[in-house]
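Spelled out from the first residue to the last, the chains are:
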Amino acid sequence: MSPQNFSLDQLHAEDTHAFVTTYTPKGRNDLETLKGILRENKDFFRQKIAERGVILFRGFESSTHQAFHGLVEQGMGLEPWNAFNLKKMPGFLTSWLRKYSEGLVGGGDYRRYLDKNTVRLGPVESAIQGPHTEGAVRSERSRYIALCCFEPSPYLAETGMADLHEVYKSLPETVRAKYDGAWNRFYYLSSRKLTWLDRRLLRGSPLQVVDRADGRADLALAPCPLVCAVPETGKACVQPWAFARNTNSQVHRAALDVFKGRGEIKKDSTAENMSLTWELCDREGKAIEWTEEEQTELFAAIFKKALLMVWQKGDVAFVDNVRIGHWRMNGEQGNRKLVQIQATNFNAEDYLPVPEAPAPMTAAG
């Protein structure tokens, strides 16, 4: 028997969007063939992610979450890395802890872990999420996210995606200069007085507990860069994580302005119910003024660059979690099932933006 062909000529490649390359099978469309192609060409595909932002595999047979995990780890050779489960706890325990933490800080975008690395994304509602990169409340986060669609929504509920380098370039020069030196600062207000169990669990988290007179607590995270660069290209990208209550009205305002004809769009319930504050500061921790108008303009700039990814059953996408921001659009849940694996440890502080060199002076200048 001749060895199976796992070369790139088994795929048809098409640049279907400014930052998406879509691969479809020319012949066999089984997942073992796709895994073999990924394994034999993983360096090529990783470079393609850095070059493009998103690579999408479409037209292959539908997956199980175990087979999807195999595509990520054994095919692409990526190490799953999820900041919420660094201890690699079983899925049922991580799901419980996720639900417990949401009860402590509010929220409601409950994600169920199918195993220690694979998570089913939260349900659709009549709202648009704030744009974000996964884990951007902290400097240390995942470099890549992999997504697999087991069942698309019956109506809308696309995944919005935007090239955050193009967003950065679209901002006025004065705003870029301000954001280059800015750091995100996030802190939660606990929804209740902290119990002994709360404090015990928080010891193993990155949250600093600051007690309040009313028995509740501020749960503060260390600042992280608002702008960082793509490692392979050096392209500067804004890094939002817009699930904060104090920015939710501005996200909603921008969404209403940009996304027309989509029916009722409510405020995102996760951000509205979670007592999270998002501020800007400098490297020394001094607050930087960030007006509601500036916030709205940033979110509108992201939304205006949006690709609304309409999922098909069986789709598998690998996304650069530095360059590409994402969010869930409004729509109907139906039987929608979209799962995610985060991969490869990345620290944004290692890739701070390099200021652009001034233009050379002309002879006349």
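Check the entry above for the structure.
All of these numbers come straight from a predicted model, not from anything done at the bench.

**Observations concerning the pattern of salt bridges**
Line of reasoning, step 1. On inspection of all chains with the given rule, the structure shows 19 salt bridges.
Line of reasoning, step 2. Across the salt bridge formed by Arg-199 and Asp-211, the nearest N and O atoms sit 2.7 Å from each other. With Arg-199 in helix H7 (residues 196–202) and Asp-211 in strand S10 (residues 208–211), this pair connects stretches of sequence that are 12 residues apart.
Line of reasoning, step 3. Linked through salt bridges whose partners overlap, the residues forming this network are Arg-143, Glu-232 and Asp-320.

**Focus on the state of the cysteines**
Here a disulfide denotes a covalent bond joining the sulfur atom of one cysteine to the sulfur atom of another.
Line of reasoning, step 1. Evaluation of the coordinates by the stated rule reveals 0 disulfides.
Line of reasoning, step 2. Considering cysteine sulfurs only, Cys-237 is the nearest to Cys-228, which forms no disulfide, with 6.6 Å between them.
Line of reasoning, step 3. According to the relative accessible area criterion, Cys-228 is buried, its value standing at 0%.
Line of reasoning, step 4. Judged by relative accessible area, which is 0%, Cys-237 ranks as buried.

**Remarks on the sheet that holds strand S1 (residues 11–17)**
Line of reasoning, step 1. Taken together, the 8 strands give an open sheet; going across it, the order is S1-S2-S3-S18-S6-S21-S5-S4, and neighbouring strands pair in mixed fashion. Each end of this open sheet is capped by a strand with a single partner; those strands are S1 and strand S4 (112–113).
Line of reasoning, step 2. As paired strands, strand S5 (residues 118–120) and strand S21 (residues 337–347) are joined by 3 bridges and run antiparallel to one another. Across the sheet, the residue bridging to Arg-120 is Val-339, located in S21.

Reading the values: rules and limits
- Residues numbered from 1 in each chain as written.
- Predicted model: local features only at pLDDT ≥ 70, side-chain atom pairs only at ≥ 80, totals over all residues.
- Heavy atoms only, no water.
- Salt bridge = Lys/Arg side-chain N within 4 Å of Asp/Glu carboxyl O.
- Helix = DSSP H or I, 4+ residues; strand = E, 2+ residues; numbered from the N terminus.
- Disulfide = S-S within 2.5 Å.
- Buried < 20%, exposed > 50% of the residue type's maximum accessible area, 1.4 Å probe, protein only.
- Pairing = 2+ DSSP bridges.

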